[in-house]
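Tertiary structure, described
This is what each chain is made of:
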Amino acid sequence: MPVGTNAPGRAAIPQRTLRTDPWWRAPLITFVLLSAWVLYALVRTVSQRAYFAGPEHYLSPFTSPCVTASCPSGARDFGTWFGHFPPFIPLALITLPFLLGFRLTCYYYRRAYYRAFWQSPPACAVAEPHGKYTGETRFPLILQNLHRYFFLAAGVISLVNTWDVVQAFRPEGHSFGFGLGTIIMLANVVLLWAYTLSCHSCRHIVGGRLRNFSAHPLRYRAWGFVSKLNAKHMQLAWTTLATLMITDAYIALVSSGAFGDPRFLN
Ligand code: FES
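The structure contained in this document is the topic of the report that follows. (Residues numbered from 1 in each chain as written. Predicted model: local features only at pLDDT ≥ 70, side-chain atom pairs only at ≥ 80, totals over all residues. Heavy atoms only, no water.)

So, on to the nonpolar core. Trp37, Phe102, Tyr108, Tyr109, Tyr195 and Cys202 are the most contacted members of the largest nonpolar core, which has 27 residues in total. Residue assignment for this core shows that the elements contributing at least two residues are α1 (25–47), α3 (107–116), α4 (147–168), α5 (180–197), α6 (200–207), α7 (217–230) and α8 (233–256). Top contributing element to this core by residue count: α3, with five residues. With sequence-adjacent residues up to four places away left out, tyrosine 109 is seen in contact with Leu34, Arg103, Tyr114, Tyr195, Ala237, Trp238 and Leu241. Ala53, Tyr58, Val165 and Ile251 belong to the second largest nonpolar core, which has 10 residues in total. (Core = buried A, V, L, I, M, F, W, Y, C linked by side-chain atoms within 4.5 Å. Buried < 20%, exposed > 50% of the residue type's maximum accessible area, 1.4 Å probe, protein only. Helix = DSSP H or I, 4+ residues; strand = E, 2+ residues; numbered from the N terminus. Contact = heavy atoms within 4.5 Å.)

This paragraph deals with unusual backbone geometry. In this chain, serine 120 is followed by proline 121 through a cis amide linkage whose omega measures -10°. The topology assignment puts proline 121 in the loop between α3 and α4. Here phenylalanine 139 and proline 140 are connected by a cis peptide whose omega angle stands at 5°. In this fold, proline 140 is placed in the loop between α3 and α4. Of note, histidine 57 is a non-glycine position whose phi angle comes to about 55°, a positive value. Residue position: histidine 57 is located in the loop between β1 (52–53) and β2 (58–59). For histidine 57, a relative accessible area of 11% gives the class buried. In this structure, asparagine 266 is a non-glycine residue whose phi angle is positive, near 55°. Within the fold, asparagine 266 resides in the segment after β4 (263–265).

All right, on to α5 then. A rise of 1.5 Å per residue sets the reference length of α5, with its 18 residues, at 26 Å; its end C-alpha atoms lie 26 Å apart and thus fit the reference within 8%. Among all positions in α5, only Gly181, Thr182, Ile184, Met185, Asn188, Val189, Leu192, Ala194, Tyr195 and Thr196 are buried. (Expected span 1.5 Å × (residues − 1).)

Locating histidine 147 in the fold gives a position in helix α4. With a relative accessible area of 3%, histidine 147 lands in the buried category.

This part covers α1. A rise of 1.5 Å per residue sets the reference length of α1, with its 23 residues, at 33 Å; its end C-alpha atoms lie 33 Å apart and thus fit the reference within 8%. Within α1, burial applies to Pro27, Thr30, Leu34, Trp37, Ala41, Arg44 and Thr45. Of the surrounding elements, those touching the buried residues of α1 are α3 and α8. A positive backbone phi angle near 55° is found at glutamine 48, which sits one or two residues after α1.

Now the structure itself:
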């Protein structure tokens, strides 16, 4: 039996949509921006260049934690777990699958790439080009349900990113100091925490499975806080993509010597 737009009972409309507004604009912008970001991240992670500024102790979030013998010794804050990685293997191999999993299964990104890349559907009240629709009930999309576990992993990775910022406040030869790069890294990690805590799974973990809030005032307050962040989840999803890119690009400039980090202290 036909499903989706061809399902029995659906209005037989020859046009793809009756919308006259520029409904295609949002998925097109999403397609361009997400593609550009993925391309940038791909080039930076496989190039394995200019990801650590030693004197300032700036480590790119694309390469953290750096735990292989290929990393400069100063960047190995968590020790050396592996030997040398061959070229093109991401140095952050232990965290990358979890970070990708977290973003790919995020409720917001799902909406964004289903619309922009799969056109399923491209916009509200615009028929999708596919003949059938099975939702997320079958392999591989049923794996989207792993999001709650990726959320837990993302929390651990945010702790690692936080430690990188702490290290950036301890430049080479000084117990404390900071420059413009430290502030950029700090802003990035604050926004990463905001994005992570605004996750729908986090909101459920904090406030779900309760019969009433009156007996759980702390969880109610935490749920209220997470709910406020959750309302900004889409904005945080985009903002953190931008801050990740800016942080990495800034560290690349400092590390390669193309730009001198302005120091405010030490
Ligand atoms: Fe977006 Fe969880 S819903 S990170």
